[in-house]
Amino acid sequence: MGNFIRPLSERVSYIASDDTWIESNAIQQLNTTASLPDMVQVVGMPDLHPGRGYPVGAAFFSVNRFYPALVGNDIGCGMGLWQTTIQTKRPNLDKLEKSISRMRDFASSEWLQQHLPDEMMNSPFSDALGSVGGGNHFAELQQVDQVYHPDITNQLGLIPQQLQLLVHSGSRGLGQAILRRHVERFNHGGVITGSPEAKEYLNEHHQALSFAELNRRLIAQRLLEQIKTTGECLLDINHNLVEAAQINGANGWLHRKGASPANKGPVIIPGSRGNYSYLVMPTLSDISLHSLAHGAGRKWMRTECKGRLSERFSPIQLSRTELGSRVICQDRQLIYEEAPQAYKSIETVIDSMVGAGLIKILARLKPVLTYKTSGGKSE
């Protein structure tokens with residue numbers, strides 16, 4: 001594993017190469033989180049960056065108690081990959097862009113009534129189902145650029161001659177409401193295993209995971225219907241959650257905050273909207289807390305992106321990338337915040353995990369067309 005696993009103390013480490021950008025604030029947040037009661041091990045992934053009090057791109061293992069605040073407000077945020085039937089030979093990007101640009105941020109009530117399961121119809125957050133949300137969430141048509149292990153990708157159902165659809169979203173307002181209620185009652189002290197409070201949170205947490213998974217399926221369905229094609233889900237993983245786990249022989253709680261699971265089969269790790277995504281096969285390791293990076297990771301704070309870029313690029317220029325892909329984003333502020341320049345190099349993230357012996361690269365995918373929204377409330 002060479003020098004890619006970098007210990008900071010007996011309980012804290014991070015995964016990075018010499019070329020990986022890691023902010024000192026993120027390291028400080030790792031150390032702060034490690035000092036929480038009953039926290040046993042903390043690991044930062046190569047996409048580690050500062051969050052609101054706790055780092056993003058990290059995994060945390062505790063015993064006797066777990067911490068809902070470490071999961072955050074977007075419980076179940078994750079990524080799903082669909083195999084579409086659109087042929088990769090000269091896709092009509094003008095037609096695709098025009099069609100997807102007409103898709104509303106939120107599904108109509110009539111569409112939801114036709115597609116929601118009965119148990120979701122009465123949810124106070126049902127009108128957000130099928131919506132991407134803001135921030136770094138997106139739906140993106142992609143094209144297979146390289147295949148390194150065709151035996152595995154064929155078994156997974158990946159078809160290089162046809163476009164793929166990657167959806168990144170979560171539980172929308174539901175996860176936020178769950179966290180807010182919990183923090184108002186218990187602050188950030190965590191909950192004891194087996195307590196009524198723990199059981200209540202885990203029940204709501206499970207509901208949010210199901211909500212997020214359904215949301216990604218409905219986003220994919222809406223977009224595929226919009227461009228008059230179909231698709232098959234190849235994989236879907238959550239990267240914001242807490243679950244019971246055994247690490248180094250100890251039974252406890254594994255929290256992932258912006259970290260892909262290494263125990264669920266193949267996962268996809270996207271770069272910025274102007275860079276490649278990588279389909280990888282994880283290698284399970286206690287050193288990495290059974291986790292991997294979930295993307296490139298931010299390099300710049302959102303508040304500084306427009307100031308850094310607006311004199312060099314207009315929003316129209318940012319809607320075209322160096323790889324020839326297109327970005328649909330009507331929010332002028334968000335297109336600066338989510339510009340490829342604001343993110344780390346996905347190659348250094350992937351190289352770090354390869355060097356640490358944590359993944360095998362299966363395929364590389366190239367962005368074709370990315371759909372982003374501001375994520376405001378539905379009407």
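Being a predicted model, the structure only gives us computed values, none of them experimental. (Residues numbered from 1 in each chain as written. Predicted model: local features only at pLDDT ≥ 70, side-chain atom pairs only at ≥ 80, totals over all residues. Heavy atoms only, no water.)

Student: What exactly am I supposed to notice about the side chain of histidine 205 here?
Tutor: Along the chain, histidine 205 falls in helix H7 (residues 196-226). Those residues in contact with histidine 205 that sit more than four places away from it in its chain are Ile75, Leu241 and Val242. (Helix = DSSP H or I, 4+ residues; strand = E, 2+ residues; numbered from the N terminus. Contact = heavy atoms within 4.5 Å.)

Student: Help me understand the nonpolar core, please; the structure alone is not making it clear to me.
Tutor: A general feature of soluble globular proteins is that nonpolar side chains tend to end up buried together. Among the nonpolar cores identified, the biggest contains 40 residues, and Leu292 and Met353 are the most heavily contacted of them. Among the elements that take part in this core, helix H11 (residues 346-355) stands out by supplying four residues, more than any other. In this structure, leucine 292 is in contact with Met45, Ala259, Ser260, Pro261, Ala262, Val267, Val280, Pro282, Met353, Leu358 and Ile359, ignoring residues within four places of it in sequence. (Core = buried A, V, L, I, M, F, W, Y, C linked by side-chain atoms within 4.5 Å. Buried < 20%, exposed > 50% of the residue type's maximum accessible area, 1.4 Å probe, protein only.)

Student: Please clarify how the side chain of serine 352 should be interpreted in this entry.
Tutor: Assignment of secondary structure puts serine 352 in helix H11. Its relative accessible area of 0% is what places serine 352 among the buried residues. Of the polar contacts made by the side chain of serine 352, one reaches the side chain of threonine 20; its length is 2.9 Å. Residue contacts for serine 352: discarding those within four places in its chain leaves Phe4, Ile15, Ala16, Ser17, Thr20 and Pro46. (Polar contact = N/O pair within 3.5 Å; in protein donor to acceptor, adjacent residues only side chain to side chain.)

Student: Would you mind going over the state of the cysteines with me for this structure?
Tutor: Covalent bonding between the sulfur atoms of two cysteines defines a disulfide. Applying the stated criterion to the full structure yields zero disulfides. Of the cysteine sulfurs around cysteine 305, a residue in no disulfide, the closest is that of cysteine 329, at 12 Å. Overall, the relative accessible area of 0% leaves cysteine 305 in the buried class. (Disulfide = S-S within 2.5 Å.)

Student: Honestly, the pairing of strand S18 (residues 359-371) in this entry has me stumped. Any pointers?
Tutor: Regular strands show a simple pattern: their side chains alternate between the two faces of the sheet. Across the 13 residues that make up S18, a large majority, 10, are buried. Of the strand pairs in this sheet, strand S7 (residues 138-147) and S18 are connected by eight bridges, and their pairing is antiparallel. Within the sheet, the bridge partner assigned to glutamine 142 lies in S18 and is proline 367. Bridge analysis of strand S17 (residues 326-328) against S18 gives three bridges, and the strand direction is parallel. Bridge pairing links valine 327 to threonine 370 in S18. (Pairing = 2+ DSSP bridges.)

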